[in-house]
Amino acid sequence: MSNSKYEQMWRDLGLDIAAHDGLLEVLGSAYKDIYLSQENRPKGTEYLDFVLSEIHGLRIQELMEAKAQGKKVIGSFCLYVPEELALAVGGISVGLCAGADVGTKEAEKVLPRNTCALIKSFFGFKLSALCPYIEACDLVIGETTCDGKKKAYELFNEYHPTFVIELPQMKTPEAKRLWCSEIGRLATKIEETSGKEITAENLRAAVKTVNAKRSVLQRLSALRKANPAPISGRDALLINQVQFYDDPVRFTGKINALCDELEERVEKGIGVAPADAPRILVSGCPMAAPNWKVPFVIEKNGAVIVGEESCVGERGTRNLVAEDGQTRDEILDRIAERYLNIDCACFTPNDERLDHIVEMARKYKVAGVIHYALQFCAPYTIEAARVEKALARENIPFLKLETDYSMEDVPQLDTRVQAFLEILKQ
Ligand code: BJ8
């Protein structure tokens, strides 16, 4: 993944070149072990290999070229931040990665050790000058989801311009009104940052672009109902991760072509795993790139992941923005409505999430659900108890994992996943 032709660009962005080279090396070898070692991958996954090989290269170059033309790059760490607004002003929306522990040491100089790995990761990337996406961002949008994130943004703002929107924690009519006004406040901020007006016309076009991207991800999900599964969970996760970085129109085209190929596979009964491989639904915290640890452990033990109830998965793609808004304000309201439907564990009550997990378990005909939560993530670790009960009522086997981004617990995860898969086979 390292490529010296981009070194000047990385220097200009202020990256720590030696540490960044080390990161690319580790990423490259993890990718080889976890992705390139898979057998019988669909040919369309070559797009993913290319994107990953150029993730800090060509894509960053594209961002820098766009910035040179006066376009703005807007970053975020959460699914509640609508990417349509940045697109409407001709900007680029980037879902910032927070899936590696390379900057943990630096992060822990500022944040308590018992902070979740995702928060330490984005802080660490910034403090260690390792992420060209963060450095390319003109503005980062934070949100009041969990306590850890919301307090971390106050500190993050001291290092990088950060604008925080208030996300309510309940879905009452009052909360909906607050959220609509927050989306309006964000729209104004993006207009100020870009020097461009958000109009009904450019917003409508942005909604169409993002809806098309989410529709193709829905198509991908539907194809995974097939048995044998036509694509691995690892590759499906990677597709869901890449959607946050790549150009949305290019991404939609490439994944549509990949889905055509998967459709053929389904017709011919070609799969990535045997038809009797245990089918698993993974549910819980988002797996931001390059966090591939748990899916690798699950699939290398002979199971196949057929769905992700996660922000990097179906939680982020199941809803589209209604396209019937006429005026700028109406379209902003439709956007607010769509995003408030997301069922993050930061909300209370959050019964929709329980319903969605059961619905997905049935839809993808899974043998069991593996709940994945990051250590110190109160919303998901606590909500896991309700998930377990909801699944027990339906007699769906459940395994709860709590982990972080280090590799130290891989043998332990391996043993627990193997034992769970044994039970599923009985
Ligand atoms: S919409 S899941 S992306 S908040 S893992 S930082 S919750 S302590 S990531 Fe999230 Fe938005 Fe919700 Fe999705 Fe806090 Fe938990 Fe850490 Fe988390």
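Residues numbered from 1 in each chain as written. Predicted model: local features only at pLDDT ≥ 70, side-chain atom pairs only at ≥ 80, totals over all residues. Heavy atoms only, no water.

Peer 1: I tried to follow the overall build of the protein on my own but got confused; where do I start?
Peer 2: Scanning the protein from terminus to terminus reveals 18 helices and eight strands. Over its C-alpha trace the protein gives a radius of gyration of 21 Å, about what one expects of a compact globule, namely 22 Å for 426 residues. Summarising its shape, the C-alpha atoms of the protein cover approximately 60 × 50 × 45 Å along the three principal directions. Counting over 426 residues, the protein shows a buried share of 57%. Across the protein, the fraction of contacts at a sequence separation of at least 24, relative to all contacts at a separation of at least 6, is 75%. For the protein, the accessible surface area stands at approximately 17300 Å², while carbon and sulfur atoms represent 51% of it. Between the centroid of the 53 positive side chains of the protein and the centroid of its 63 negative side chains there is a distance of 2 Å. (Helix = DSSP H or I, 4+ residues; strand = E, 2+ residues; numbered from the N terminus. Rg over C-alpha atoms; globule rule 2.2 N^0.38 Å. Buried < 20%, exposed > 50% of the residue type's maximum accessible area, 1.4 Å probe, protein only. Contact = heavy atoms within 4.5 Å. Areas by Shrake-Rupley, 256 points an atom, 1.4 Å probe, with all protein chains shown as cover. Lys, Arg positive; Asp, Glu negative; His and termini not counted. Charge placed at Lys NZ, Arg CZ, Asp CG, Glu CD.)

Peer 1: Please clarify how the nonpolar core should be interpreted in this entry.
Peer 2: Proteins that are soluble and globular tend to have nonpolar side chains buried together. Counting 125 residues, the largest nonpolar core has Phe122 and Ile280 as its most contacted members. Ignoring anything within four residues of it in the chain, the contact list for Ile280 reads Ile298, Ala303, Val304, Ile305, Val306, Gly307, Val366, Gly368, Ile370, Phe420, Leu421 and Leu424. Core analysis: the next-biggest nonpolar cluster, separate from the first, contains 19 residues, Ala229, Ala277, Met360 and Ile396 among them. (Core = buried A, V, L, I, M, F, W, Y, C linked by side-chain atoms within 4.5 Å.)

Peer 1: Teacher, can you tell me more about the site of the ligand here?
Peer 2: Taken together, 17 residues lie near the ligand, and Cys78, Cys116, Cys146, Cys311 and Cys344 sit nearest. The class makeup of the residues in the shell around the ligand is 15 nonpolar, one polar and one charged. (Near = heavy atom within 4 Å. Nonpolar A, V, L, I, M, F, W, Y, C, P; charged D, E, K, R; others polar.)

Peer 1: When you look at the pairing of strand 1 (residues 73-76) in this model, what are you seeing that I'm missing?
Peer 2: A regular strand places its side chains on the two faces of the sheet in alternate fashion. Side chains Val73 and Gly75 of strand 1 all project onto a buried face; the interleaved residues Ile74 and Ser76 project onto the opposite face, where all are buried too. As paired elements, strand 1 and strand 2 (residues 92-95) share four bridges and run parallel to each other. Looking at strand 2, one finds that Val73 is bridged to Ile92. Pairing between strand 1 and strand 3 (residues 139-143): three bridges, direction parallel. (Pairing = 2+ DSSP bridges.)

Peer 1: Looking at this structure, how should I read the sheet that holds strand 2?
Peer 2: Think of a sheet as strands paired side by side through backbone hydrogen bonds, with each pair either parallel or antiparallel. With parallel pairing, four strands are arranged side by side in an open sheet as 2-1-3-4. Every interior strand has two partners, whereas the edge strands, strand 2 and strand 4 (162-165), have only one. Averaged over all pairs of adjacent strands, the angle between their axes in this sheet comes to 25 degrees, without regard to strand direction. Sheet strands in contact with helix 4 (residues 58-68) are strand 1 and strand 2, and its direction is about 145 degrees off that of strand 2. (Axes fitted to C-alpha atoms, helices over the stretch in contact; angles between N-to-C directions.)

Peer 1: Where do I start with the sheet that holds strand 5 (residues 279-284) in this structure?
Peer 2: Taken together, the four strands give an open sheet; going across it, the order is 6-5-7-8, and neighbouring strands pair in parallel fashion. Each edge of the open sheet is held by one strand with a lone partner, namely strand 6 (304-309) and strand 8 (398-403). Recorded for the sheet is a direction-independent mean angle of 25 degrees between the axes of neighbouring strands. Bridging between strand 5 and strand 7 (residues 368-374) involves five bridges; their strand directions are parallel. Paired with Gly284 across the two strands is Tyr372, which belongs to strand 7. Those strands touched by helix 17 (residues 378-393) are strand 5, strand 7 and strand 8, and its axis lies near 170 degrees from that of strand 7.

Peer 1: Quick question: what am I supposed to make of the packing of aromatic side chains here?
Peer 2: The relation between two aromatic rings is expressed through the spacing of the ring centres and the mutual angle of the planes. The full count for this structure, using the stated rule, is 15 aromatic pairs. Consider the rings of Tyr6 and Trp10, whose centres lie 6.0 Å apart with planes at 45 degrees: the pair is tilted. Residue Tyr6 is classed as buried on the basis of its relative accessible area, which comes to 3%. Judged by relative accessible area, which is 1%, Trp10 ranks as buried. For the pair Tyr31 and Tyr35, a centre-to-centre distance of 4.9 Å together with 20 degrees between the ring planes defines the contact as stacked. Of this pair, Tyr31 and Tyr35 are both found in helix 2 (residues 17-36), four residues apart, which corresponds to roughly one turn of the helix. Under the relative-accessibility criterion, Tyr31 is labelled buried at 4%. Exposure remark for Tyr35: the relative accessible area of 0% places this residue in the buried category. (Phe/Tyr/Trp six-rings, centres within 6.5 Å; stacked < 30°, edge-to-face > 60°.)

Peer 1: Looking at this model, I keep getting lost on helix 9 (residues 147-156). Mind explaining?
Peer 2: Because an α-helix completes one turn every 3.6 residues, residues spaced three or four positions apart along the sequence face the same direction. Turning to helix 9, its buried residues are Lys149, Ala152, Tyr153 and Phe156. With its buried residues spanning 110 degrees around the axis, helix 9 presents them on a single face. In this fold, the buried residues of helix 9 make contact with helix 7 (117-127), helix 8 (132-136), strand 3 and strand 4. (Arc of directions from axis to C-beta.)

Peer 1: What should I look at first to understand the environment of Thr45 in this one?
Peer 2: Turning to its location among the elements, Thr45 is positioned in the loop between helix 2 and helix 3 (46-53). The buried category is assigned to Thr45, whose relative accessible area is 3%. Taking the C-alpha atoms as reference points, Thr45 and Leu217, separated by 172 residues in sequence, lie 14 Å from one another.

Peer 1: Looking at this structure, I do not really get the pairing of strand 5. What am I missing?
Peer 2: Most of strand 5 is tucked away, with six of its six residues classed as buried. Covered by surrounding structure in strand 5 are Arg279, Leu281 and Ser283 together with Ile280, Val282 and Gly284, the residues of both alternating faces. Looking at chain direction, strand 5 and strand 6 are connected through five bridges and run parallel. Residue pairing across strands places Ser283 opposite Glu309, the latter belonging to strand 6. Handedness of the crossover joining strand 5 and strand 6 through helix 14 (residues 293-300) is recorded here as right-handed. (Right-handed = clockwise from strand over helix to strand, strands pointing away.)

Peer 1: Explanation requested: the side chain of Ser93 in the structure shown.
Peer 2: Following the sequence through the fold, Ser93 ends up in strand 2. For Ser93, the residues in contact, after removing those within four places along its chain, are Ile74, Glu83, Ala86, Leu87 and Phe244.

In short, geometric facts, not functional conclusions.
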